[in-house]
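What follows is the residue order along each chain.
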Amino acid sequence: MELRPETRAVHHAQPDLDGSRPISVPIYQTSGFVFDDPAVFADAMGRPDGAFVYGRLGNPTVRALEDKLADLEGGVAAVATGSGMGAINCVLLGLLSPGDHLVSQKAIYGGTAAMINELERRFGVTVTYVPEDDPDALRAAVRPETKLVYLETLANPVLQVADLPGMCAVARELGIVSVVDNTFATPMLCRPIEHGADVVVHSTTKYLSGHTDVVGGLAVFADDALHRKIWHFSVELGATADPFASWLTLRGLQTLHLRMERHCSNTRYLATRLAAHPAVTAVHWPGLPSHPSYELAGKLLPDFGGVFSFELSGGRPAGEKFMSSVRLALLAPSLGGVETLVMHPATTSHRSLSSEELARHGIGEGTIRLAVGIEHPEDLWSDIEQALS
Ligand SMILES: *Cc1c(COP(=O)(O)O)cnc(C)c1O
């Protein structure tokens, strides 16, 4: 029977224990594994799918999370890491060498942008930025030494939507590995491998774990050779995921589809009300017809996620006043948890960027970003409305 992602997220395959099985995945809190056969021990050191041997190479609880995400994303295998940046760096550092060229979309997560700057300044990698929805610009940017194309399904904080089918097709045609950060969409809204991506990266800190109690990351691979290569590199780098964090993430994943529905419907409600408010000059969410990605988003995604941003007519002072006036929404970084969070990107997540780079990301001095939780939408609107007035 072909099961849908919502059902596959709930059920775990578990090994038999003398006639019954645990329903929840057990936490294997051990750093090492003992062998009876020296040949099996030797074999386990060299490959991701051998026997478990040492915690940095693999762990059954971590493997259950990797298998679950590989299944939900439609990949062959995954590597879980201690953070989203750990997964992103395993992929970037595992695939790029000095002299290589990277093409990235313009608006990317602040930490990734900072890392790409490091690669350029200190590691001899050259970088070209292109719009996330322009396959012709990507084709024009590619050189013989281009190794990697970096995209995000939905970009922070103004929610540009990447033309995944168009961009990944160009990358595939030219033999370049395409990497997509799918953190904001999750596999419930988008599965980039179905659109031609080679690698999908996640910060599992966000929607996948979903309860603001885990830091974790993960990379899913469309083919075995890439998985093997990045697994080897992740073992050398030591970007290992922790069994307990992996267990919390597996538990969160079981309700991902329910939470995403509410994140999306709450966001639609708040974005629509804000767009009609006189103190607001713009609302950035691809579910609104005013968003530049509205048409592409409608073709690619069934809904548009729980993060959006807006501009206040009073600029930076109005933004600061709003931040200090909200009572229910929490002034905090991150996103994807059950509680609504508010932040000011120019002074927090994107503070290391120059004003030029801020403009490249579409961020203004007065931009406010909301990561909408799963509370009652009217309670959230009451809070926002009183903060605006
Ligand atoms: C948070 C985030 C990351 C980084 O993940 P960490 O778990 O904080 O290391 C990468 N990409 C996106 C889109 C994110 O939101």
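Remember, predicted model here, so these are calculated numbers, not experimental data.

Rules and cut-offs
- Residues numbered from 1 in each chain as written.
- Predicted model: local features only at pLDDT ≥ 70, side-chain atom pairs only at ≥ 80, totals over all residues.
- Heavy atoms only, no water.
- Helix = DSSP H or I, 4+ residues; strand = E, 2+ residues; numbered from the N terminus.
- Buried < 20%, exposed > 50% of the residue type's maximum accessible area, 1.4 Å probe, protein only.
- Lys, Arg positive; Asp, Glu negative; His and termini not counted.
- Salt bridge = Lys/Arg side-chain N within 4 Å of Asp/Glu carboxyl O.
- Contact = heavy atoms within 4.5 Å.
- Polar contact = N/O pair within 3.5 Å; in protein donor to acceptor, adjacent residues only side chain to side chain.
- Near = heavy atom within 4 Å.
- Nonpolar A, V, L, I, M, F, W, Y, C, P; charged D, E, K, R; others polar.
- Core = buried A, V, L, I, M, F, W, Y, C linked by side-chain atoms within 4.5 Å.
- Domains from an automatic or database assignment.
- Buried area = accessible area lost by both parts, 1.4 Å probe.
- Phe/Tyr/Trp six-rings, centres within 6.5 Å; stacked < 30°, edge-to-face > 60°.
- Pairing = 2+ DSSP bridges.
- Axes fitted to C-alpha atoms, helices over the stretch in contact; angles between N-to-C directions.

Caption draft 1: Region of the structure containing the side chain of Lys 206. Of note, Lys 206 is situated in the loop between β6 (199-203) and β7 (217-221). This buried residue, Lys 206, is left without a salt bridge; Asp 181 holds the nearest opposite charge, at 7.5 Å. Once residues within four sequence positions are removed from consideration, Lys 206 is found in contact with Tyr 109, Thr 183, Ser 334, Leu 335 and Gly 336.

Caption draft 2: Expanded view of helix α7 (residues 164-173). For α7, the full list of buried residues reads Leu 164, Gly 166, Met 167, Cys 168, Val 170 and Ala 171. On its buried face, α7 sits against β3 (126-130), α6 (135-141), β4 (146-152), β5 (177-181) and α12 (294-300). With a side-chain oxygen lying 3.0 Å from the backbone nitrogen of Gly 166, the N-terminal cap of α7 falls on Asp 163. Of the residues trailing α7, Gly 175 is marked for its positive phi of about 75 degrees.

Caption draft 3: Focus on the pattern of salt bridges. One pass over the structure, following the stated rule, counts 15 salt bridges. In this structure, Arg 47 engages Asp 43 in a salt bridge whose closest nitrogen and oxygen atoms are separated by 2.7 Å. With a closest N to O distance of 3.4 Å, Glu 320 and Arg 316 form a salt bridge. Of this pair, Glu 320 and Arg 316 are both found in helix α13 (residues 315-325), 4 residues apart, which corresponds to roughly one turn of the helix. Through salt bridges with shared partners, one network takes in Asp 43, Arg 47, Asp 49 and Arg 228.

Caption draft 4: Here's a closer look at the site of the ligand. The environment of the ligand is formed by 13 residues, the closest being Met 85, Asp 181, Ser 203, Thr 205 and Lys 206. Contacts to the ligand include Gly 84, whose backbone N or O atom sits 2.8 Å from an oxygen atom. Between Ser 203 and the ligand, the recorded distance is 2.8 Å, taken from a side-chain N or O atom to an oxygen atom. Per-element accounting of the shell around the ligand gives the leading share, 3 residues, to helix α4 (residues 84-95). Partitioned by chemical class, the residues of the shell around the ligand number 5 nonpolar, 6 polar and 2 charged.

Caption draft 5: Highlighting the nonpolar core. The biggest cluster of nonpolar side chains holds 77 residues, and the ones touching the most others in it are Leu 274, Phe 308, Phe 310 and Phe 322. When we break this core down by domain, the ones giving at least three residues each are domain 1 (5-253) and domain 2 (256-388). Not counting residues within four places of it along the chain, the set of residues in contact with Phe 310 comprises Leu 274, Val 280, Ala 282, Val 283, His 284, Phe 322, Gly 366, Thr 367, Ile 368 and Leu 370. In this structure, Phe 35, Cys 90, Ala 239 and Ala 346 belong to the second largest nonpolar core, which totals 36 residues.

Caption draft 6: Representation of the domain arrangement of the protein within the structure. Along its sequence, the protein is carved into domain 1 (5-253) and domain 2 (256-388). On a C-alpha basis, the centroid separation for the pair domain 1 and domain 2 is 27 Å. Taking both partners together, domain 1 and domain 2 bury about 3,200 Å²; carbon and sulfur atoms supply 65% of that area. Considering only the side of domain 1, the residues that lose the most area to domain 2 are Pro 157, Leu 189 and Tyr 207, jointly responsible for 23% of the buried surface there. Inspection of the domain 1/domain 2 interface yields 0 salt bridges. Viewed at the interface, domain 2 and domain 1 are joined by 13 residue pairs in polar contact (both at pLDDT 80 or more). Elements represented by at least two residues in the side of domain 1 that touches domain 2 include exactly α1 (5-10), α5 (110-122), α7, α8 (186-189) and α10 (243-253).

Caption draft 7: Representation of the packing of aromatic side chains in the model. Per the counting criterion, the structure on display carries 6 aromatic pairs. With a centroid separation of 6.1 Å and 10 degrees between ring planes, the pair formed by Phe 244 and Trp 247 is classed as stacked. Linking Phe 244 with Trp 247, this pair stays in helix α10, spanning 3 residues, or about one helical turn. Overall, Phe 244 belongs to the partly exposed group, its relative accessible area being 41%. Taking relative accessible area as the criterion, Trp 247 reaches 18% and is therefore assigned buried. Between Trp 285 and Phe 304, the ring centres sit 5.7 Å apart and the planes meet at 85 degrees, which makes this aromatic pair edge-to-face.

Caption draft 8: Quick look at the sheet that holds β6. The mixed open sheet is built from 7 strands, whose spatial order is β1-β7-β6-β5-β4-β2-β3. Strand pairing shows two members of the sheet lacking a second neighbour, β1 (77-81) and β3, which therefore form its edges. Strand-to-strand twist in this sheet, taken as the mean axis angle between neighbours without regard to direction, amounts to 20 degrees. As paired elements, strand β2 (residues 101-105) and β3 share 5 bridges and run parallel to each other. If you follow Val 103 over to β3, its bridge partner there is Thr 128. Against the sheet, helix α3 (residues 60-73) makes contact with β1, β6 and β7, and its axis sits at roughly 130 degrees relative to β1, the strand it touches most.

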